[in-house]
Amino acid sequence: MRFLGFLLALLAAVAFGFYMVPRRFSQSSSGDFSAYMGIGIAGTLAAPLFAGPGNFASRGFLLAIGSGLVFALATHLFVLAVDRLGLTRATPVKNLAGVFGTLFGLTILAEYHAAGILVIVQLVAGSLVIAVGAYLIGGIGHAGRATVDTDARERTVGFLLAFLSAACFGFYLVPLRLSAPLGSGFGYLGVGIGALAGLVVPRLFAGPFHWRAEDSRLGILAGVLLAVGVLLGTPATRLIGLSVAWPLTQLNTFVALAAGLFWLHEFDAGRERGRLLAATLLTVVGIGLLAML
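Residues numbered from 1 in each chain as written. Predicted model: local features only at pLDDT ≥ 70, side-chain atom pairs only at ≥ 80, totals over all residues. Heavy atoms only, no water.

1. Here we look at the overall build of the protein
Right, so step 1: Regarding its fold elements, the protein presents 13 helices and zero strands.
Right, so step 2: Helices and strands appear in the protein in the N-to-C order α-α-α-α-α-α-α-α-α-α-α-α-α.
Right, so step 3: Counting all 293 residues of the protein, 51% fall into the buried class.
Right, so step 4: Looking at the protein alone, contacts between residues at least 24 apart form 91% of all its contacts between residues at least 6 apart.
Right, so step 5: Carbon and sulfur atoms make up 72% of the accessible area of the protein, which amounts to about 13,000 Å² in all. (Helix = DSSP H or I, 4+ residues; strand = E, 2+ residues; numbered from the N terminus. Buried < 20%, exposed > 50% of the residue type's maximum accessible area, 1.4 Å probe, protein only. Contact = heavy atoms within 4.5 Å. Areas by Shrake-Rupley, 256 points an atom, 1.4 Å probe, with all protein chains shown as cover.)

Structure representation (structure tokens):
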């Protein structure tokens with residue numbers, strides 16, 4: 001079962017790495033694109049309901065909706081951070097979500113408390129090493145199109161927004177884990193409702209949609225991919241714990257890197273060989289620390 005947990009976490013990383021690729025082909029505003037994503041997220045997370053709704057519990061359902069609202073907030077904060085920093089600089093800060101996931105798993109969910117101080121140190125060290133690897137990857141291609149020229153104040157605000165986004169992405173699974181004994185079908189439905197409300201309702205107050213069929217399809221596709229990551233990542237946290245699973249999902253950095261290199265042609269791999277090697281070695285060390293728990 002532990003192997004299955006690692007496998008699900010790695011597959012979730014693939015989905016999380018690809019979900020923003022459709023944005024590169026969309027001409028819609030960030031608000032419209034996020035709203036379309038909300039539709040894709042809600043529709044995908046409603047699907048498990050047909051496989052078995054489980055046991056409905058009003059408190060658990062409200063916790064699941066709250067999880068979805070936190071998830072939507074994380075998404076909005078990240079969009080704002082990217083507007084100020086560009087995707088390249090904002091992504092490594094956002095991927096500190098893995099570190100936050102470990103901290104929240106240890107402190108709120110009391111994971112691994114009986115295992116001793118050495119195991120906890122190993123957990124934190126593995127998460128931090130993976131985060132450093134993600135940071136090095138995030139620095140690739142600063143001269144590319146993703147880089148945005150901003151003044152010092154805008155950069156500071158952007159980094160703060162990305163940091164808060166990481167905290168929210170690291171936290172949203174906590175209320176979902178606490179929603180037991182709510183069945184998974186109702187749990188995912190609650191997250192979808194919360195995400196839909198958090199991503200669509202604010203857009204309704206900003207004026208009419210500028211609808212374009214291709215952009216709507218791209219936004220919904222992005223939402224579907226993001227939701228698939230949630231569907232894979234959540235059971236992984238149950239099998240190997242939030243403290244381990246969430247850092248592993250942050251390997252999405254490498255998936256996004258591959259997409260940027262081979263698909264979007266955003267940077268020259270030859271010029272970044274040293275950074276790539278260092279990041280890869282650190283990430284392998286981090287995975288090894290987590291795998292030996």
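2. Describing the packing of helix H2 (residues 30-46) against helix H9 (residues 184-204)
Right, so step 1: The geometry of H2 relative to H9 is characterised by a closest axis approach of 8 Å and an angle of 165° between their N-to-C directions. In terms of axis orientation, H2 runs roughly antiparallel to H9. Pair H2 / H9 crosses with left-handed handedness. Facing Gly31, Asp32, Ser34, Ala35, Gly38, Ile39, Ile41, Ala42, Leu45 and Ala46 of H2, the residues of H9 in contact are Tyr188, Leu189, Val191, Gly192, Ala195, Leu196, Leu199, Val200 and Arg203.
Right, so step 2: Among the residues forming the contact of H2 with H9, the class breakdown is 13 nonpolar, four polar and two charged. (Axes fitted to C-alpha atoms, helices over the stretch in contact; angles between N-to-C directions. Parallel < 35°, antiparallel > 145°, perpendicular 65-115°, else oblique. Left-handed = near helix turned anticlockwise from the far one by under 90°. Nonpolar A, V, L, I, M, F, W, Y, C, P; charged D, E, K, R; others polar.)

3. A closer look at empty space enclosed by the protein
Right, so step 1: For the coordinates displayed, the defined rule picks out three cavities of 30 Å³ or more.
Right, so step 2: Taken as a whole, the largest cavity spans an internal volume of roughly 100 Å³.
Right, so step 3: Forming the walls of the largest cavity are Phe16, Tyr19, Phe71, Lys94, Ala97, Phe169, Leu226, Trp246, Gln250 and Asn252.
Right, so step 4: For the lining of the largest cavity, a count of residues per class yields seven nonpolar, two polar and one charged. (1 Å grid on protein atoms, 1.4 Å probe; cavity = no way out; pocket = protein on both sides within 12 Å on 5 of 7 lines; lining within 4 Å. Points joined across faces, edges and corners; volume = space filled by probe spheres on them.)

4. Some remarks on the nonpolar core
Right, so step 1: The biggest cluster of nonpolar side chains holds 46 residues, and the ones touching the most others in it are Phe16, Ile41, Leu45, Phe71, Tyr172 and Leu226.
Right, so step 2: Ranked by residue count, the leading element in this core is helix H3 (residues 58-85), at eleven residues.
Right, so step 3: The residues contacting Phe16, other than those within four sequence positions of it, are Leu226, Gly229, Val230, Trp246, Thr249 and Asn252.
Right, so step 4: Ranked by size, the runner-up nonpolar core spans twelve residues in total, among them Phe6, Ala13, Ile240 and Val244. (Core = buried A, V, L, I, M, F, W, Y, C linked by side-chain atoms within 4.5 Å.)

5. A few points about the packing of aromatic side chains
Right, so step 1: Inspection of the entire model under this criterion finds seven aromatic pairs.
Right, so step 2: A ring pair is formed by Phe56 and Phe61, whose centres lie 5.3 Å apart and whose planes are at 50°; its orientation type is tilted.
Right, so step 3: When its relative accessible area of 14% is taken as the criterion, Phe61 is described as buried.
Right, so step 4: What links up through ring pairs into an aromatic cluster is the set Phe100, Phe104, Phe163 and Phe171.
Right, so step 5: Sitting over the face of the ring of Phe33, Arg23 holds its NZ or CZ atom 5.0 Å from the ring centroid.
Right, so step 6: Above the plane of the ring of Phe169 lies Lys94, whose end atom (NZ or CZ) is 5.9 Å from the centre. (Phe/Tyr/Trp six-rings, centres within 6.5 Å; stacked < 30°, edge-to-face > 60°. Lys NZ or Arg CZ within 6 Å of the ring centre and 35° of its normal.)

Everything listed here is a matter of geometry and, on its own, says nothing about what the molecule does.
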